[in-house]
Amino acid sequence: MGVLNTILLVVLAVSAVLTILLILMHSGKGTGVSELIASSMYNSNAGSAIWEKNLDRLTVITSVIFGITVIVMMLTFPLGTLG
């Protein structure tokens, strides 16, 4: 496994964790993990629309990075090696 694949694996792992965390931070219907995390991050009556818009943008960016990384790894990962 080359240097490129090692870097891609690190980018894949970081983008996966960030995407999961950002999705969990979205405000939901008032129950569950998202409400627990999101309620402590911002006040519900001041500037929450800006937080949600930025959170949406970050989620889309990390998801696109994750998808592009998966596609590049499909094309560059050496065939027949597992370890």
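Only a predicted model underlies this, so the values are computations on that prediction, with no experimental measurement involved.

How each quantity is defined
Residues numbered from 1 in each chain as written. Predicted model: local features only at pLDDT ≥ 70, side-chain atom pairs only at ≥ 80, totals over all residues. Heavy atoms only, no water. Helix = DSSP H or I, 4+ residues; strand = E, 2+ residues; numbered from the N terminus. Contact = heavy atoms within 4.5 Å. Buried < 20%, exposed > 50% of the residue type's maximum accessible area, 1.4 Å probe, protein only. Polar contact = N/O pair within 3.5 Å; in protein donor to acceptor, adjacent residues only side chain to side chain. Patch = residues over 30% accessible without salt bridge, like charges linked within 9 Å, V, L, I, M, F, W, Y side chains within 5 Å. Areas by Shrake-Rupley, 256 points an atom, 1.4 Å probe, with all protein chains shown as cover. Salt bridge = Lys/Arg side-chain N within 4 Å of Asp/Glu carboxyl O. Expected span 1.5 Å × (residues − 1). pLDDT = per-residue confidence, 0-100.

**Re the overall build of the protein chain**
Phase 1: In terms of regular secondary structure, the protein chain is built from three helices and zero strands.
Phase 2: Helices (α) and strands (β) of the protein chain occur, in sequence order from the N terminus, as α-α-α.
Phase 3: Here the contacts in the protein chain between residues at least 6 apart in sequence split such that 67% fall between residues at least 24 apart.

**Observations regarding the side chain of Asn-5**
Phase 1: As for its placement among the helices and strands, Asn-5 is situated in helix α1 (residues 3-25).
Phase 2: When its relative accessible area of 5% is taken as the criterion, Asn-5 is described as buried.
Phase 3: Looking at Asn-5, its side chain comes within polar contact range of the side chain of Thr-76, at 3.2 Å.
Phase 4: Beyond its immediate stretch of four places on either side in the chain, Asn-5 contacts Thr-76, Phe-77 and Pro-78.

**Things to note about a nonpolar patch on the surface**
Phase 1: Together, Val-3, Ile-7, Val-11, Leu-58, Ile-61 and Ile-65 make up a nonpolar patch on the protein surface, roughly 510 Å² of accessible area in all.
Phase 2: Breaking the nonpolar patch down by element, the ones donating at least two residues are α1 and α3 (48-76).
Phase 3: Take Leu-58: its relative accessible area is 45%, and that puts it in the partly exposed class.

**Description of α1**
Phase 1: Taking 1.5 Å per residue, 23 residues should reach 33 Å; α1 reaches 33 Å between its end C-alpha atoms and fits that length.
Phase 2: Those residues of α1 not exposed but buried are Asn-5, Leu-8, Leu-12, Ser-15, Thr-19, Leu-22 and Met-25.

**Here's the deal with the environment of His-26**
Phase 1: Looking at the element boundaries, His-26 is found in the loop between α1 and α2 (33-41).
Phase 2: As for His-26 and Glu-52, which are separated by 26 residues in sequence, their C-alpha atoms are 7.2 Å apart.

**Let's talk about the confidence of the model for the protein chain**
Phase 1: Mean pLDDT over the protein chain: 80, with 67% of residues reaching 70 or higher.
Phase 2: No element of the protein chain has a lower mean pLDDT than α2, which averages 59, and none a higher one than α1, which averages 92.

**A look at the environment of Ile-61**
Phase 1: Along the chain, Ile-61 turns up in helix α3.
Phase 2: Classification of Ile-61 as partly exposed rests on a relative accessible area of 47%.
Phase 3: Spatially, the C-alpha atoms of Ile-61 and Ser-15 are 9.3 Å apart, while their sequence positions differ by 46 residues.

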